[in-house]
Amino acid sequence: MDPAAHSGSATPELGETALGVRRDFERVAQAGEAIFESGEPADAFYVLLAGEVLLLDTRGGGASRLVARLGPGDPVGETDSLLGCARGARAVAATDARLLRLDRATFRSMCFDRP
């Protein structure tokens, strides 16, 4: 097989896949924007692609307490989502951020159908 022909045909396909993933699953959040609120149904989780996200404990009626500062590559809200629990913390973009949103069905499909 001609390597040049192979690499030329693979690039558009990979580019189209990346565009489809961004269109269907990417979420952009501005600095200060809530990704999700404590107590909401956890129907999806996120993987942080760029930027920083803060997880804040808002329970107890007092001031919010910082639980974690997350960066690129970190999962956001995965435990609540995979267990089907309500959100236990509030997630806020500390900087402009890009996240990959995965619902439970998509994640299961990625793990089991296409590991």
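Residues numbered from 1 in each chain as written. Predicted model: local features only at pLDDT ≥ 70, side-chain atom pairs only at ≥ 80, totals over all residues. Heavy atoms only, no water.

What to know about the pairing of strand β4 (residues 53–57)
Under the convention used in this document: Note on exposure labels: buried denotes an accessible area under 20% of the residue type's maximum, exposed denotes more than 50%, and partly exposed covers the range between, all computed with a 1.4 Å probe on protein chains only. Put simply, DSSP H or I for four residues or longer makes a helix, DSSP E for two residues or longer makes a strand, and each gets a number counted from the N terminus. Strand pairing requires that DSSP identify at least two bridges connecting the strands.
In terms of residue burial, β4 counts as a mostly covered element, since five of its five residues are buried. Alternating residues of β4 divide into V53, L55 and D57 and L54 and L56, and every residue in both groups is buried. In this sheet, strand β5 (residues 65–70) lies alongside β4 in antiparallel orientation, the contact comprising five bridges. Across the sheet, the residue bridging to L54 is R69, located in β5. Judged from the four bridges that link them, β4 and strand β7 (residues 90–93) form a sheet pairing that is antiparallel. Counted as the bridge partner of L54 is V92 from β7.

So, the sheet that holds strand β8 (residues 97–103)
An order of β1-β8-β3-β6 is seen for the four strands of this open sheet, with the pairing classed as antiparallel. Strand pairing shows two members of the sheet lacking a second neighbour, β1 (26–29) and β6 (75–76), which therefore form its edges. Relative to β8, β1 runs antiparallel, the two sharing four bridges. If you follow E26 over to β8, its bridge partner there is L100.

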